[in-house]
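Commentary on secondary and tertiary structure
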Amino acid sequence: MVIQRGLTLMRNHLEVFRKRYAFHLRTWHIHGHGVVSHQRSLLDKQSTTIRISLQPAAMGEKVGIDI
């Protein structure tokens, strides 16, 4: 449940960032320096997955999530 709350918080943060900087993101895209999603590269055979390592304060071992 803690991981789900953390991921929800991260998703909300990214949505607020996109709304706040929408003008700049569009201008960068027009000039060819846009920020693109990594989703397309996941279909590519040579791409690597994103790995998130979590280590709660009360636990000694790390837990990894592959996205």
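Predicted model only: the values in this text are computed from it and were never measured. (Residues numbered from 1 in each chain as written. Predicted model: local features only at pLDDT ≥ 70, side-chain atom pairs only at ≥ 80, totals over all residues. Heavy atoms only, no water.)

Another point: the overall build of the chain. Of regular secondary structure, the chain possesses 3 helices and 2 strands. Element order for the chain, N to C, with α for helix and β for strand: α-α-α-β-β. For the chain, the residues scored as buried account for 0% of the 67 residues in total. (Helix = DSSP H or I, 4+ residues; strand = E, 2+ residues; numbered from the N terminus. Buried < 20%, exposed > 50% of the residue type's maximum accessible area, 1.4 Å probe, protein only.)

On the surface, Ile3, Leu7, Met10 and Leu14 cluster together to form a nonpolar patch covering roughly 330 Å² of accessible area. Tracing the sequence through the fold places isoleucine 3 in helix α1 (residues 2-20). (Patch = residues over 30% accessible without salt bridge, like charges linked within 9 Å, V, L, I, M, F, W, Y side chains within 5 Å. Areas by Shrake-Rupley, 256 points an atom, 1.4 Å probe, with all protein chains shown as cover. Salt bridge = Lys/Arg side-chain N within 4 Å of Asp/Glu carboxyl O.)

Here we come to the packing of aromatic side chains. Counting across every chain of the model gives 1 aromatic pair. Relative to tyrosine 21, the ring of phenylalanine 17 has its centre 4.8 Å away and its plane inclined at 45°; by these criteria the two rings are tilted. Classification of tyrosine 21 by relative accessible area gives partly exposed; the value is 34%. (Phe/Tyr/Trp six-rings, centres within 6.5 Å; stacked < 30°, edge-to-face > 60°.)

Before going further, it helps to spend a moment on the environment of glutamine 55. With respect to the helices and strands, glutamine 55 occurs in the loop between β1 (51-54) and β2 (63-66). Discounting residues that sit within four places of it in the chain, glutamine 55 has contacts with Gly60, Glu61 and Lys62. (Contact = heavy atoms within 4.5 Å.)

A low pLDDT score tells you not to read the predicted coordinates there in detail. For the chain, per-residue confidence averages 76 on the pLDDT scale, and residues scoring 70 or more make up 70% of the total. Confidence, read as mean pLDDT per element, is least for helix α3 (residues 39-42) in the chain (59) and greatest for α1 (87). (pLDDT = per-residue confidence, 0-100.)

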